[in-house]
Amino acid sequence: MKLVIAIIKPFKLDEVREALSTLGVQGMTVTEVKGFGRQKGQTEIYRGAEYSTNMVPKIKVEVACGDDLSNRVVEAIQQAANTGAIGDGKIFVLDLGQAVRIRTGETDDVAL
């Protein structure tokens, strides 16, 4: 199992969600976050307004999936979140040791 974590621009969330839904991804966790990368938070266009700040608003999307689906999840996120501009984000893929569905006690791939 893999945990795919993507940091994306906020206005790209709907496109990413739709792309993952077409792959059959049944769930994801979305968190509003702030941070900076190479651009050091200098200039960002957010909702049509350009501004300068130390921390840029982003969205963190977390998807737990099977090993067989992880490469397609990464590709779908990359294509859907790409604007070609600085600050498009990053995708991280981590090994997921265990997953447990609290309600039923199902584990690992079945719990996803």
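Residues numbered from 1 in each chain as written. Predicted model: local features only at pLDDT ≥ 70, side-chain atom pairs only at ≥ 80, totals over all residues. Heavy atoms only, no water.

Going by the annotation in an unreviewed UniProt entry, the name recorded for the chain is Nitrogen regulatory protein P-II, with Sphingomonas jatrophae given as the source organism. In UniProt, the chain has this text filed under Subunit (unreviewed entry): "Homotrimer." We quote the UniProt Sequence similarities (unreviewed entry) comment for the chain here in full: "Belongs to the P(II) protein family." (UniProt positions renumbered as here; feature names shortened; annotations may be inferred.)

As a further point, take the pairing of strand β1 (residues 2–8). Across the 7 residues of β1, 5 count as buried, placing the element largely inside the fold. Where β1 lies against strand β5 (residues 56–65), 7 bridges are found, and the strand directions are antiparallel. Across the sheet, the residue bridging to A6 is V61, located in β5. (Buried < 20%, exposed > 50% of the residue type's maximum accessible area, 1.4 Å probe, protein only. Helix = DSSP H or I, 4+ residues; strand = E, 2+ residues; numbered from the N terminus. Pairing = 2+ DSSP bridges.)

Bringing a negative patch on the surface into the picture now. Taken together, the side chains of D67, D68, D108 and D109 make up a negatively charged region of the molecular surface. The residue D67 is located in helix α2 (residues 67–81) in this model. On the accessibility criterion, D67 (47% relative accessible area) is partly exposed. (Patch = residues over 30% accessible without salt bridge, like charges linked within 9 Å, V, L, I, M, F, W, Y side chains within 5 Å. Areas by Shrake-Rupley, 256 points an atom, 1.4 Å probe, with all protein chains shown as cover. Salt bridge = Lys/Arg side-chain N within 4 Å of Asp/Glu carboxyl O. Lys, Arg positive; Asp, Glu negative; His and termini not counted. Charge placed at Lys NZ, Arg CZ, Asp CG, Glu CD.)

Across soluble globular proteins, nonpolar side chains have a tendency to be buried as a group. The biggest cluster of nonpolar side chains holds 17 residues, and the ones touching the most others in it are I8, V16, L20, V63, V73 and I77. Apart from the residues within four sequence positions on either side, V63 is in contact with K2, L3, V4, L20, V25, G27, M28 and V73. (Core = buried A, V, L, I, M, F, W, Y, C linked by side-chain atoms within 4.5 Å. Contact = heavy atoms within 4.5 Å.)

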